Amino acid sequence: MKKAVSRHLDTLVRKHGRLEGSRTAMGEAFAVMEGSFRNGGKLLVCGNGGSASDAEHIVGELMKGFRLKRPPEAASLKRLKGRMPDTAGLPGEPVPSCLDGLQLGLPAISLVSQTALVTAVLNDLAADAVFAQQVLGYGNPGDVLLGISTSGQAANVTRAMEVARTLGLATVALTGAGKGRIRAWSDVVLASPSSVTDEIQEDHVKMYHTLCLMLEEEFFGPESETEG
């Protein structure tokens, strides 16, 4: 295991000992997501209620800087600027390029924020198809679907997992201690040891923040060494 990954997992367990049992699965989830991003894949994320907010939160941590700065390479930024039309504000006062503040991101899409599409699927198709329809449209072999369900029983998340597995996507579940049906369609299961919804959600934040930290360091931090 890479030292940076091990270090972040050590920190997670030291601060939150109740998550010791998730250590191995966390390493597996990291490997699945890292491999996908490394090969040009993307992450799709879905959940309901508080878990929908978590889906948005995860995408926010991956698509821009979390703890590290992620400036584009100078050569890439120069090429982008060369293609942008000249802009200016008041006469004699040029506006700085909007590109100057951009950061590199890891491609991730929240499936909960497509309001027009979601309501159309609800009205025209079925309530449990809202995420599956998007997986069918967005997903490609080699991508990853992260499905969040505190009970493990959310029908729309489960259907999305089914479609994802059929299409050749890897599937990762964030769930609780219950033996919900989402597990049957998950390559990796990250489970809180609790069966209480708010406690599960609190554990989920700790787990996905750690995942985001590991991924950010892998792609944007100093080159990691590996253990023998």
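Residues numbered from 1 in each chain as written. Predicted model: local features only at pLDDT ≥ 70, side-chain atom pairs only at ≥ 80, totals over all residues. Heavy atoms only, no water.

Regarding the overall build of the chain
For step 1, the next point in the chain: Scanning the chain from N- to C-terminus turns up eight helices and five strands.
For step 2, the next point in the chain: Taking 228 residues into account, the globule formula puts the C-alpha radius of gyration at 17 Å, and the chain, at 19 Å, falls close to it.
For step 3, the next point in the chain: The C-alpha extent of the chain, read off along each of the three principal axes, is 65 × 55 × 30 Å.
For step 4, the next point in the chain: Going through the 228 residues of the chain one by one, you find that 43% of them count as buried.
For step 5, the next point in the chain: Taking the intrachain contacts of the chain between residues at least 6 apart in sequence as the baseline, contacts between residues at least 24 apart amount to 70%.
For step 6, the next point in the chain: By element, 54% of the accessible surface of the chain is carried by carbon and sulfur atoms, the whole surface being about 11500 Å². (Helix = DSSP H or I, 4+ residues; strand = E, 2+ residues; numbered from the N terminus. Rg over C-alpha atoms; globule rule 2.2 N^0.38 Å. Buried < 20%, exposed > 50% of the residue type's maximum accessible area, 1.4 Å probe, protein only. Contact = heavy atoms within 4.5 Å. Areas by Shrake-Rupley, 256 points an atom, 1.4 Å probe, with all protein chains shown as cover.)

Here's the deal with the sheet that holds strand E3 (residues 144-148)
As a general point, the strands of a sheet are linked pairwise by backbone hydrogen bonds and lie either parallel or antiparallel.
For step 1, the next point in the chain: Read from one edge of the open sheet, five strands run E2-E1-E3-E4-E5, paired in parallel fashion. Strand pairing shows two members of the sheet lacking a second neighbour, strand E2 (108-110) and strand E5 (188-191), which therefore form its edges. On average, adjacent strands in this sheet sit at an angle of 15 degrees to one another, irrespective of strand direction.
For step 2, the next point in the chain: Direction of pairing for strand E4 (residues 170-175) relative to E5: parallel, over a ladder of four bridges. Paired with Leu 174 across the two strands is Leu 190, which belongs to E5.
For step 3, the next point in the chain: Contacting strand E1 (43-47), E2 and E3, helix H6 (residues 130-138) crosses the sheet at an angle of about 175 degrees to E1. (Pairing = 2+ DSSP bridges. Axes fitted to C-alpha atoms, helices over the stretch in contact; angles between N-to-C directions.)

Re the packing of aromatic side chains
For step 1, the next point in the chain: Using the criterion set out here, one finds two aromatic pairs in the structure.
For step 2, the next point in the chain: For the ring pair Phe 219 and Phe 220, a centre distance of 6.5 Å and an interplane angle of 50 degrees mean the geometry is tilted.
For step 3, the next point in the chain: The class for Phe 219 is partly exposed, based on a relative accessible area of 22%.
For step 4, the next point in the chain: Of the aromatic side chains, those joined through ring pairs into one cluster are Phe 37, Phe 219 and Phe 220. (Phe/Tyr/Trp six-rings, centres within 6.5 Å; stacked < 30°, edge-to-face > 60°.)

Remarks on the environment of Ala 126
For step 1, the next point in the chain: Checked against the element boundaries, Ala 126 lands in the loop between helix H5 (115-124) and H6.
For step 2, the next point in the chain: Residue class for Ala 126 comes out partly exposed when judged on its relative accessible area of 28%.
For step 3, the next point in the chain: With 30 residues separating them along the chain, Ala 126 and Asn 156 place their C-alpha atoms 9.3 Å apart.

Describing the pattern of salt bridges
For step 1, the next point in the chain: A full pass over the atoms with the stated rule returns twelve salt bridges.
For step 2, the next point in the chain: For Asp 10, the salt bridge identified is with Arg 23, shortest N-O distance 2.8 Å. With Asp 10 in helix H1 (residues 3-15) and Arg 23 in helix H2 (residues 23-38), this pair connects stretches of sequence that are 13 residues apart.
For step 3, the next point in the chain: The exposure class of Asp 10 is partly exposed, given its relative accessible area of 37%.
For step 4, the next point in the chain: Classification of Arg 23 by relative accessible area gives partly exposed; the value is 22%.
For step 5, the next point in the chain: Between Arg 38 and Glu 34 there is a salt bridge, with the nearest N and O atoms lying 2.9 Å from each other. Of this pair, Arg 38 and Glu 34 both sit in helix H2, four residues apart, roughly one helical turn.
For step 6, the next point in the chain: Residue Glu 34 is classed as buried on the basis of its relative accessible area of 14%. (Salt bridge = Lys/Arg side-chain N within 4 Å of Asp/Glu carboxyl O.)

What to know about the nonpolar core
For step 1, the next point in the chain: Met 33, Leu 43, Ile 58, Leu 62, Leu 146 and Leu 190 are the most contacted members of the largest nonpolar core, which has 32 residues in total.
For step 2, the next point in the chain: Where this core is concerned, the elements lending two or more residues are H1, H2, E1, helix H3 (50-63), E3, E4, E5 and helix H8 (197-220).
For step 3, the next point in the chain: Contact partners of Ile 58, with chain neighbours within four places excluded, come to Leu 43, Val 45, Leu 146, Ile 148, Tyr 208 and Cys 212.
For step 4, the next point in the chain: One finds Leu 111, Val 130, Leu 145 and Ile 182 within the second-largest nonpolar core, a separate group that totals 18 residues. (Core = buried A, V, L, I, M, F, W, Y, C linked by side-chain atoms within 4.5 Å.)

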